Amino acid sequence: MKIYMDTYGCSANQAASEIMLGLLSNKFQIISKKDEADVIIINSCIVKSPTEAKILFQIKKIVQEYPHKKLIVAGCMPEVYSMKIRKTAPNASMIGIHHLSEIENVVDDTLRGKQRIEIGHNSSPKLGYPRIRIDDRIGIVQIAQGCISNCTYCIVKRVMGPLVSYPEELILDEVKRCVLQGCKEIWLTAQDTTAYGLDRGSTLPSLLQSIMQIDGNFMVRVGMMNPATAYPLVDDLIEVFKHSKLYKFIHLPLQSGSNAILRQMKRNYTVEQYFEIIKKFRTVFQDITLSTDVIVGFPTETEAQFNESLNVITLLQPSLTNISKFGPREKTPAAKLPPLSSQTIKDRSRKMTVLCQKITREKNNEWIGREETILIVSRGKKGGLEGRTYTYKPVIIDTRNHELIGKFVNVSIVDAKYSHLLGTLTEEFIR
Ligand code: SF4
């Protein structure tokens, strides 16, 4: 029997797909063409309303175009929107993000014509499973699920629930397995990585110190942090970030430049505290890559408060900014607030995009003329090879020597584009 899977959403959801495919690959053939599949699995995401709409549209299309194929909806959507899925695909089976180990049984029953619904919260670690990796050189390691916050706009909390940090030994085993299997990049992921260990007397810096002791030629990218949990840890974080195996890259969502809006979002930090974290990191790592997130059009956001966000972003100069237009998520406190007009939200999103794209280009241009050692991680999407600087900046080099994949090489940065740098090889096989 042939299985096809579509994956949406964050690194944790990509890891969930890798695990489900790993578990299924003993018994089923994993294929990349939907038309030829006996079972289609949609691994869904519901973080934003446009993504939810896109997935429901996909589900409807599959039911119409492939009435005889078996459909399974996996991921976060079944955990909060099982009724919407039933309405769109009455015969589809469902397997929630917390039930990955059940995937083989769900596929078996579904193929036998028995609808299976496996949903509901549980906290068993998503570690130690066989994997079919989306990219063989990248090991995605989930370190925790859930968080200690209750951001008023967030639907993820309804799926992931309270913080559950996974045992350190299981995480270390997973990283070692990734390195043994040839992964060159380890992505540590969680809803809030800096909340790690708060529920088990540990911390992210201490976990990172342990990971740094693992032998091997690999780099580690730390996933999204919440400034509220990062603030008390910043000095210890900076200490461990000095390690050469850690990309000098932080993903720290700001969400708003207005303290009043941050209070209404229940983000539990101030703009001043955010600046303090970034200032401390940049004092030690001048080139560190700051990736941030901003929500524009939060229901109570005034023009003046939006301008505060523009000003703060201008001062922060983040290399990357993910801009979200506020969209009410069901059963979240912010969904009860009267929304701004869609035109206002659109205008603010456009203004923020123009500003952030200008900053990203300027930040990338600063790298032109530099000599760098980069890790080649994969083939470039449009030819060449793609590497990463020690600050996790993507660099495309024009070579067809695929033996360099997984190697550290020296390059000269000759140009910069919005999404990446361009480099020429100066020395191969550094290590
Ligand atoms: S930290 Fe906030 S935004 Fe992130 S998952 Fe938790 S409640 Fe949602």
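Residues numbered from 1 in each chain as written. Predicted model: local features only at pLDDT ≥ 70, side-chain atom pairs only at ≥ 80, totals over all residues. Heavy atoms only, no water.

Engineer: Just to check I follow, could you spell out the nonpolar core for this structure?
Structural biologist: Within soluble globular proteins, side chains that are nonpolar generally end up buried alongside one another. Membership of the largest hydrophobic core comes to 68 residues, with the highest contact counts inside it found for Ile-171, Ile-186, Phe-241 and Phe-281. Residues contacting Phe-241, with those up to four places away along its chain left out, are Leu-208, Val-222, Met-225, Leu-246, Tyr-247, Lys-248, Phe-249, Ile-250, Phe-281 and Phe-285. By size, the runner-up hydrophobic cluster in this structure holds 46 residues, among which are Leu-21, Ile-41, Ile-42 and Ile-85. (Core = buried A, V, L, I, M, F, W, Y, C linked by side-chain atoms within 4.5 Å. Buried < 20%, exposed > 50% of the residue type's maximum accessible area, 1.4 Å probe, protein only. Contact = heavy atoms within 4.5 Å.)

Engineer: When you look at the pairing of strand β10 (residues 185–189) in this model, what are you seeing that I'm missing?
Structural biologist: Consecutive residues of a regular strand have side chains that alternate between opposite faces of the sheet. When you tally the buried positions in β10, you get five out of five residues, the bulk of the element. Because side chains alternate across β10, one face comprises the buried residues Glu-185, Trp-187 and Thr-189, and the other comprises Ile-186 and Leu-188, equally buried. Where β10 and strand β11 (residues 219–222) come together, four bridges link them in parallel fashion. Looking at β11, one finds that Glu-185 is bridged to Met-219. (Helix = DSSP H or I, 4+ residues; strand = E, 2+ residues; numbered from the N terminus. Pairing = 2+ DSSP bridges.)

Engineer: Looking at this model, I keep getting lost on the sheet that holds strand β2 (residues 29–30). Mind explaining?
Structural biologist: Backbone-to-backbone hydrogen bonds pair the strands of a sheet. The strands run either parallel or antiparallel. Reading across from one edge, β2-β1-β3-β4-β5-β6 is the order of the six strands in this open sheet, with parallel pairing throughout. Both edges of this open sheet fall to β2 and β6 (117–118), since each of them pairs with a single strand only. Strand direction decides the pairing type here: strand β5 (residues 93–96) and β6, joined by two bridges, are parallel. If you follow Met-94 over to β6, its bridge partner there is Ile-117. Its contacts with the sheet place helix α3 (residues 77–88) against β3 (39–44), β4 (70–75), β5 and β6, and it is angled at close to 165° to β5. (Axes fitted to C-alpha atoms, helices over the stretch in contact; angles between N-to-C directions.)

Engineer: Please clarify how the layout of surface pockets should be interpreted in this entry.
Structural biologist: Taken as a whole, the second largest pocket encloses approximately 710 Å³ of empty space. Surrounding the second largest pocket, 32 residues form its lining, Lys-381, Glu-386, Arg-388, Pro-394 and Ser-419 being those nearest its centre. Residue assignment for the lining of the second largest pocket shows that the elements contributing at least two residues are α1 (11–24), β7 (138–142), β10, α13 (342–365), β15 (371–379), β16 (385–388), β17 (394–397) and β19 (421–427). In terms of residue count, β15 provides more of the lining of the second largest pocket than any other element does, three residues in total. Partitioning the lining of the second largest pocket into residue classes produces 13 nonpolar, ten polar and nine charged. Two domains each put at least three residues into the lining of the second largest pocket: domain 2 (138–365) and domain 3 (371–425). (1 Å grid on protein atoms, 1.4 Å probe; cavity = no way out; pocket = protein on both sides within 12 Å on 5 of 7 lines; lining within 4 Å. Points joined across faces, edges and corners; volume = space filled by probe spheres on them. Nonpolar A, V, L, I, M, F, W, Y, C, P; charged D, E, K, R; others polar. Domains from an automatic or database assignment.)

Engineer: What's the story with the environment of Ile-405 in this structure? I'm lost.
Structural biologist: Along the chain, Ile-405 turns up in the loop between β17 and β18 (408–416). Spatially, the C-alpha atoms of Ile-405 and Ile-313 are 35 Å apart, while their sequence positions differ by 92 residues. Those residues in contact with Ile-405 that sit more than four places away from it in its chain are Arg-137, Ile-376, Val-377, Ser-378, Arg-379 and Leu-385.

These figures capture arrangement, not role.
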